[in-house]
Amino acid sequence: MGAAVRRRAPHGGHPRAAAALEARRRAAARDAARRGLQARSAGHAEPDHGRAAEGDARMKRQTIAVSVGCPSGIGPEVAVHAAANAEAEARCVLVGDTETLRRAARDGKIAASRLRVVASAQEIEALALGEIGVWGPSTQLAAPAQPGAPDRKAGAAQLAWVNEALSLVQDGTAAALVTGPVSKLAIATSGAPGAKGFSGHTEHLAARLGAREVVMAFRAANITTALVTTHLPLAEVPAAVTPDAVATSCYWLVRLLRSLGMAAPRVAVAALNPHAGEGGMLGIEEETSIKPGIEHANERLAADGFFAQLSGPLGAETAFRKQAAGAFDGVVAMYHDQATIPCKLVGFGEAVNVTLGLPVIRTSVDHGTGYDIAGTGKADPRGMESALALALTLAKVRGRASLIAGTS
Ligand SMILES: NC(=O)c1ccc[n+]([C@@H]2O[C@H](COP(=O)([O-])OP(=O)(O)OC[C@H]3O[C@@H](n4cnc5c(N)ncnc54)[C@H](O)[C@@H]3O)[C@@H](O)[C@H]2O)c1
Ligand SMILES: N[C@H](C(=O)O)[C@H](O)COP(=O)(O)O
């Protein structure tokens, strides 16, 4: 196996997720790509222009724009690694500080020749198999970023990279947006236009794209979940769990599951309160919001000709346990940690965050900036690889029929 395409052994300490079908599919595609690269190079996978077969493959590839996240975090290193290991059908263009990405490649023992600075759609199109695009027009840092030592001054650049990568999708250069982990605080306090109050990509992209409905969802090996509320103080959650919000999450989760090949998805809708409210003794939102929300969702799905089985409200512990055992294809969760704890417990590092309802495809890693391990080589790139793989899958589906994206 060529050094440049060899996957790092999983480092100690990080939990290895169970092998999922999707992971096997990705591995098979990667292996095919590697075989091609190996045939061309005994050492580093040097790009090789001019081969007819590669030319064909190049034409069929989808471009994925990747904003790399906080330059002092693990985003740049996992982005470079994942792009180096990307499926043969994906052409990755990293949007971030060029020097930071070069350092990440050096530290990760990825041949410098694989990074190619590109500045136009044509140059992206011309990327050879094995090359990683670096978007030249990306906002650059005034001073090098220190791994593990975030500088709030980089907040404006982090937001700019998200917007620049989004522009590549909006103008049709890229098929999907994948985002690396940002520091919400650094962005929110950066003073950059549009940064004030930044609470996450989900809310930012919804506002920037004027999306009427937006739903945060996660997909791990055997957990797929959509959230009714996102980045909200817990005390504000009950009021935000409205019938409409419940219906919207149910609806978009069904559309995601359908886009992943499930014609009649089985979805559990979690309760908000312990033991699903215990007949009203432990809370009333199950009766006042969640049951009406399920009814609205059923009406909307039926109107669109989509079949799904929605069950609930079910105690959240039961809903997730049964999904992990295969009884459900998805769970609608009422608040952030109700969804992220089970999801990250079974799939941390490999789960993917996907935003539903946007007019563009957007996926993300499930992890944060990992400042404690940035620059040490311990960051696991599998989350970014999974985010790229899901973006690619959804981009292909979207090519056939617009299943997960809404209209602005
Ligand atoms: N998509 C995003 O932009 C995103 C997602 C989650 C958190 N965040 C932000 O990241 C910052 C830090 O958040 P946090 O500390 O709660 O979570 P975190 O995920 O950054 O770190 C939690 C722990 O997991 C480890 N870890 C994270 N990713 C890893 C990887 N790929 N391989 C190995 N170990 C990994 C870290 O080293 C740390 O010990 C916050 O500002 C948060 O808002 C951003
Ligand atoms: N809720 C996400 C998580 O726990 O992984 C994270 O905060 C990122 O959210 P955005 O995709 O909205 O930035």
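One can find the structure itself at the top, above this paragraph.
As the structure is a computational prediction, the values presented were derived from the model and not from experiment. (Residues numbered from 1 in each chain as written. Chains lettered and ligands numbered in written order. Predicted model: local features only at pLDDT ≥ 70, side-chain atom pairs only at ≥ 80, totals over all residues. Heavy atoms only, no water.)

Student: Got a minute to help me understand the environment of M216 in this structure?
Tutor: Relative to the assigned elements, M216 resides in strand β6 (residues 215-219). A C-alpha to C-alpha distance of 6.9 Å links M216 and T230, two positions 14 residues apart in sequence. (Helix = DSSP H or I, 4+ residues; strand = E, 2+ residues; numbered from the N terminus.)

Student: Which parts of the structure should I look at to understand the site of ligand 2?
Tutor: The local shell around ligand 2 holds 14 residues, among which K184, H201, T202, H336 and N353 are the closest. Side-chain polar atom of H201 to an oxygen atom of ligand 2: 2.7 Å apart, as the coordinates give it. Note that a nitrogen atom of ligand 2 is positioned 2.7 Å from one of the side-chain N or O atoms of H336. Contact with the protein chains covers 89% of the free accessible surface of ligand 2, which is 350 Å². Mapped by element, the contributors of at least two residues to the shell around ligand 2 are α8 (201-209), β6 and α13 (336-347). In terms of residue class, the shell around ligand 2 is made up of two nonpolar, seven polar and five charged. Split by domain, the shell around ligand 2 shows at least three residues from each of two domains, domain 1 (20-211) and domain 2 (215-356). (Near = heavy atom within 4 Å. Polar contact = N/O pair within 3.5 Å; in protein donor to acceptor, adjacent residues only side chain to side chain. Areas by Shrake-Rupley, 256 points an atom, 1.4 Å probe, with all protein chains shown as cover. Nonpolar A, V, L, I, M, F, W, Y, C, P; charged D, E, K, R; others polar. Domains from an automatic or database assignment.)

Student: Is there a simple way to explain helix α3 (residues 75-84) in this structure?
Tutor: Think of an α-helix as turning once every 3.6 residues; residues three or four places apart then point the same way. Most of α3 sits inside the fold, with 10 of its 10 residues counted as buried. All of the buried residues along α3 are G75, P76, E77, V78, A79, V80, H81, A82, A83 and A84. (Buried < 20%, exposed > 50% of the residue type's maximum accessible area, 1.4 Å probe, protein only.)

Student: Got a minute to help me understand the site of ligand 1 in this structure?
Tutor: The local shell around ligand 1 holds 20 residues, among which V182, G368, G370, D372 and D380 are the closest. Between an oxygen atom of ligand 1 and a main-chain N or O atom of G368, the distance comes to 2.6 Å. Between G370 and ligand 1, the recorded distance is 2.8 Å, taken from a backbone N or O atom to an oxygen atom. Split by residue class, the shell around ligand 1 holds seven nonpolar, nine polar and four charged.

Student: Even after reading the chapter, I still don't get the sheet that holds strand β1 (residues 62-67), so can you show me in this structure?
Tutor: In a beta sheet, neighbouring strands are held together by backbone hydrogen bonds and run either parallel or antiparallel to one another. An order of β3-β4-β2-β1-β5-β12-β11-β6-β7-β10-β8-β9 is seen for the 12 strands of this open sheet, with the pairing classed as mixed. Each edge of the sheet is formed by a strand with only one pairing partner; in this case those strands are β3 (115-118) and β9 (309-314). Mean inter-strand twist for the sheet, computed between neighbouring axes without regard to direction, equals 25°. Note: β3 against strand β4 (residues 132-135), four bridges, orientation parallel. Each bridged residue has a counterpart across the sheet, and for V118 the counterpart in β4 is W135. α8 contacts β5 (176-179), β6, β11 (352-356) and β12 (362-365) of the sheet and is inclined by roughly 160° relative to β12. (Pairing = 2+ DSSP bridges. Axes fitted to C-alpha atoms, helices over the stretch in contact; angles between N-to-C directions. Contact = heavy atoms within 4.5 Å.)

Student: Help me out: how do you make sense of the pairing of strand β8 (residues 266-270) in this one?
Tutor: In regular strands, side chains alternate between the two faces of the sheet. The buried count for β8 comes to four of five residues, which makes it a mostly enclosed element. Relative to β9, β8 runs parallel, the two sharing four bridges. Bridge pairing in β9 places A270 opposite L314. Each parallel crossover has a hand, and the one from β8 via helix α11 (residues 285-303) to β9 is right-handed. Of the strand pairs in this sheet, β8 and strand β10 (residues 330-333) are connected by three bridges, and their pairing is parallel. The residue bridging V267 from the neighbouring strand is G330, located in β10. (Right-handed = clockwise from strand over helix to strand, strands pointing away.)

Student: Please clarify how the packing of helix α6 (residues 155-170) against α8 should be interpreted in this entry.
Tutor: For any two helices packed against each other, one specifies the crossing angle of their axes together with the interaxial distance. Axis separation between α6 and α8 bottoms out at 12 Å; the angle between their running directions is 50°. The angle between the axes of α6 and α8 places the two elements in the oblique class. Between α6 and α8 lies a crossing of right-handed hand. Along the contact surface, α6 presents L159, V162, N163, L166 and Q170, while α8 presents H201, H204, L205, R208 and L209. Its residues assigned to classes, the contact of α6 with α8 shows five nonpolar, four polar and one charged. (Parallel < 35°, antiparallel > 145°, perpendicular 65-115°, else oblique. Left-handed = near helix turned anticlockwise from the far one by under 90°.)

Student: Please clarify how the nonpolar core should be interpreted in this entry.
Tutor: The nonpolar side chains of a soluble globular protein tend to be buried, and buried together. Counting residues in each nonpolar core, the largest one holds 92 residues, and the members touching the most others are I64, L94, L310 and M334. Here this core gets 10 residues from one element, more than from any other, and that element is helix α10 (residues 243-259). Each residue touching I64, except ones within four places of it in the same chain, is listed here: A90, R91, C92, V93, A174, A176, V178, L388, A391 and L392. Among the nonpolar cores identified, the runner-up in size contains 16 residues, and A220, I223, A270 and F320 belong to it. (Core = buried A, V, L, I, M, F, W, Y, C linked by side-chain atoms within 4.5 Å.)

Student: Sorry if this is basic, but what is going on with the environment of A84 here?
Tutor: Locating A84 in the fold gives a position in helix α3. Its relative accessible area of 8% is what places A84 among the buried residues. Between the C-alpha atoms of A84 and L115, which are 31 residues apart in sequence, the distance is 9.2 Å. In contact with A84, other than residues within four places in its own chain, are I110, R114 and I132.

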